[in-house]
Amino acid sequence: MTDTIQADVKTESGNQSNKPSGRLGAIIASLVIVGIVISVTVLIVFPAADEDSGGFGTPTPPSSIVVASIPSPTSDSGFDLTNPQLQLIWNNPRLFEAWLKGNHSLSRLSNPLSQQEAMQIYQNAKKLGNMTIDTNPTGLVGKEVTAQWAGVPHFKINSVHIPVQKGVTLPYPP
Amino acid sequence: MTNQIQSKVVAGYLLLPLNKVEKYRGIDRQPFEPLLLESEIDPAFVPNPDDARIWVWYPAGWRREAYRLFEENSVEVNKNKGAILSSLATARQIKDLIEPHLGSYELIACQVWNLDTQFAHEADLEAPSLGYDVAYGGGDFYSALKNGLLVKPHPLLLAEYSSLLNEYGLFSNPDNIPAYIRRFKELVPSEANSEFWVYWLSYI
């Protein structure tokens, strides 16, 4: 038998989206953001003098910016499975687990996986075939009350806890 | 079936960060091990599809070297290359490489066996033991002691078992571990299907 688990949770943004004061707030927020962008642009083009050195401030060189080679999804578009590196990682159980543990376990606690991301990871673990999948209902809906993962919706691949957003559903038993 | 791993105790060395959780010196402290970190791997690197090594993904530097040493000297636990090193000299070498970048780590000797085995392990009783932990055999090394008795503990587990914890947040004797894990799985439903391993940990 295959069931799915659905958490009964409304998002904060969903509760606010139809209020007039919310629209006014959004307009004000947009104006503030535009102002910040213009200010930053001016600072980059016309850098302020550096008081310590007596010269001009220098924008951080692009080479010092850490760029993730595998782009993380910004919405629920899921992972870009056309990325050649990601394809190689996802086709190898050892690399897949090392990638999950390094990028999508504790480091995603404040940005848990979306429905699409969670399902992609679940399906890849199934496809690889020799991985342990645990979609225990108590863990997935965040109803556990004991231990460090208490209250955090999660599932597990090869004994790696993976946090998910409230409301994410995955097949149980896997 | 776990017959394959029932025939031996795995022994080796762990590198564990200091001061992750107060009054806990067990394995559930994110032991150092090779990971694929998206922010640090070489964006242009395309490996041979059959190559499962992790260190080859990194540009030259301390992490690539530490991961290479680790992967060439790690011990298999639970059919996976995990966080345990076979060589004390290599463990010391890796510790020296990573500490300037990741902070202080401690070197711990360990022996590991599956909880379901009836194994009399070969602990050196003369060694300065930290005690026994019981945790996953890999993955994120989730410890049933840390998670049942120390971090958001269950009140019934606390009442029944906290007196068995030693000063390091571990059991000093392994005899109570099977009963503890049965109780832990009853009271922590999200871990009901998890497989646990026993870790005997000792100072170097």
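Residues numbered from 1 in each chain as written. Chains lettered and ligands numbered in written order. Predicted model: local features only at pLDDT ≥ 70, side-chain atom pairs only at ≥ 80, totals over all residues.

1. A few points about the overall build of chain B
Put simply, the rule is: Numbering goes from the N terminus for both helices and strands, where a helix is a DSSP run of H or I of at least four residues and a strand is a run of E of at least two. To assign burial, the other C-beta atoms lying within 10 Å of each residue's own C-beta are counted, with C-beta atoms placed from the backbone; 20 or more indicates buried, 12 or fewer indicates exposed, and intermediate counts indicate partly exposed.
Assigned secondary structure in chain B consists of five helices and six strands. Within chain B, the fraction of its 204 residues that count as buried is 42%.

2. Things to note about the overall build of chain A
This is how the line gets drawn: With C-beta atoms placed from the backbone, a contact is any residue pair whose C-beta atoms sit within 7 Å.
Helices and strands together make up the secondary structure of chain A, namely six helices and five strands. When the helices and strands of chain A are read in sequence order from the N terminus, they spell out β-α-α-α-α-α-β-α-β-β-β. In chain A, which comprises 174 residues, the proportion classed as buried is 26%. Long-range contacts, defined here as pairs at least 24 residues apart, represent 58% of the contacts in chain A between residues at least 6 apart.

3. Considerations on the sheet that holds strand β2 (residues 133-134) of chain A
All names here are of chain A. Counted only if it meets this: Think of it this way: DSSP has to see at least two bridges between two strands before they count as a pair.
Reading across the sheet, the three strands line up as β2-β3-β4 and stay open at both edges, with antiparallel pairing between neighbours. Two strands bound the open sheet, and with one partner strand each, they are β2 and β4 (160-163). Across four bridges, strand β3 (residues 154-157) lies against β4 in antiparallel orientation. Within β4, the position partnered with I157 by the bridge is V160.

4. Overview of the pairing of β3(A)
Residue and element names in this part refer to chain A. On β3, burial covers both faces: H154 and K156 on one face and F155 and I157 on the other are all buried. In terms of strand pairing, β2 meets β3 through two bridges, oriented antiparallel. Paired with D134 across the two strands is K156, which belongs to β3. Counting the residues in the hairpin turn of β3 and β4 gives two residues, including N158, whose phi is positive at 45°.

5. Structural notes on the interface of chain A and chain B
Rule in force here: We call Asp, Glu, Lys and Arg charged. Ala, Val, Leu, Ile, Met, Phe, Trp, Tyr, Cys and Pro are nonpolar, and the rest, Gly among them, are polar.
Facing 32 residues of chain A, the contacting portion of chain B comprises 30 residues. Residue composition of the side of chain A that touches chain B, grouped by class: 13 nonpolar, 15 polar and four charged.

6. Examining helix α1 (residues 62-72) of chain B
For the record, the criterion: In this description, the arc belongs to the directions extending from the helix axis to the C-beta atoms.
Those residues of α1(B) that sit buried are B:R63, B:A66, B:Y67 and B:F70. Along the axis of α1(B), the buried residues cluster in a sector spanning 95°; they form a single face.

7. Quick look at the environment of B:S202
Among the structural elements, B:S202 can be located in strand β6 (residues 197-203). Residues B:S202 and B:L158 lie 44 residues apart in sequence; the distance between their C-alpha atoms is 25 Å.

8. Quick look at unusual backbone geometry
In this chain, A:Y172 is followed by A:P173 through a cis amide linkage whose omega measures -5°. Relative to the elements of secondary structure, A:P173 occurs in the segment after β5 (171-172). Here A:A147, not a glycine, exhibits a phi torsion of approximately 85°, which is positive. With respect to the helices and strands, A:A147 occurs in the loop between α6 (137-140) and β3. Judged by C-beta crowding, with 25 C-beta atoms within 10 Å, A:A147 ranks as buried. We note that B:Q30 has phi near 55°; this positive angle belongs to a residue other than glycine.

9. Quick notes on the confidence of the model for chain A
The predicted structure's coordinates, where accompanied by low pLDDT, should not be read in detail. All names here are of chain A. Our working rule: Confidence per residue, as judged by the predictor, is encoded in pLDDT with a range of 0 to 100.
Here chain A averages 71 in pLDDT, and 57% of its residues register 70 or above. Between residues 1-25, whose pLDDT stays under 50, and residues either more than four places distant or in other chains, the model counts 23 contacts. pLDDT under 50 marks residues 34-68. Its contacts with residues more than four places away, or in other chains, come to 17 contacts.

10. A word on the pairing of β6(B)
Residues and elements named next belong to chain B. For β6, the tally of buried residues reaches five of seven residues, placing the bulk of the element in the interior. Sheet analysis places strand β4 (residues 105-114) next to β6, joined by seven bridges and oriented antiparallel. Residue N114 lies in a different strand from β6, and its bridge partner there is W197. As paired elements, strand β5 (residues 129-135) and β6 share six bridges and run antiparallel to each other. When the sheet's bridge partners are listed, A135 is paired in β6 with W197.

11. Concerning the nonpolar core
What counts here: Residues of type Ala, Val, Leu, Ile, Met, Phe, Trp, Tyr and Cys that are buried and joined through C-beta atoms within 7 Å form what is called a nonpolar core.
By size, the foremost hydrophobic cluster in this structure holds 77 residues, and its most contacted members are B:A135 and B:Y199. Apart from residues no more than four positions distant in its own chain, B:A135 is found in contact with B:G26, B:I27, B:D28, B:F141, B:Y142, B:S143, B:A144, B:F196, B:W197 and B:Y199.

12. Thoughts on helix α2 (residues 88-102) of chain B
All names here are of chain B. Put simply, the test is: One fewer than the residue count of a helix, multiplied by 1.5 Å, yields its expected span. The angle between axes fitted to the seven residues ending at a residue and the seven residues starting there is what we call the bend at that residue.
End to end, α2 covers 20 Å across 15 residues, agreeing with the expected 21 Å (1.5 Å per residue, within 8%). By the largest-angle criterion, D96 marks the main kink of α2, which is about 25°, and a proline, P100, follows within four residues. Restricting attention to buried positions, one finds in α2 the residues A91, I94 and I98.

13. Section: the packing of α1(B) against α2(B)
Residue and element names in this part refer to chain B. Note the following rule: Simply put, an axis is a line fit to the C-alpha atoms, just over the touching stretch for a helix, and the angle between two N-to-C directions goes from 0 to 180 degrees. Note that the term roughly parallel is reserved for angles under 35 degrees, roughly antiparallel for angles over 145, roughly perpendicular for angles of 65 to 115, and oblique for everything else. Note: crossing handedness is left-handed where the near helix turns anticlockwise from the far helix by less than a right angle, and right-handed where it turns clockwise.
At a minimum axis separation of 10 Å, α1 and α2 run at an interaxial angle of 155°. Here α1 is positioned roughly antiparallel relative to α2, judged by the angle of their axes. α2 is crossed by α1, and the crossing has left-handed handedness. Side by side, α1 and α2 meet where W62, E65, A66, L69 and F70 of the first sit next to T90, Q93, I94, L97, I98 and H101 of the second. By residue class, the composition of the contact of α1 with α2 is seven nonpolar, three polar and one charged.

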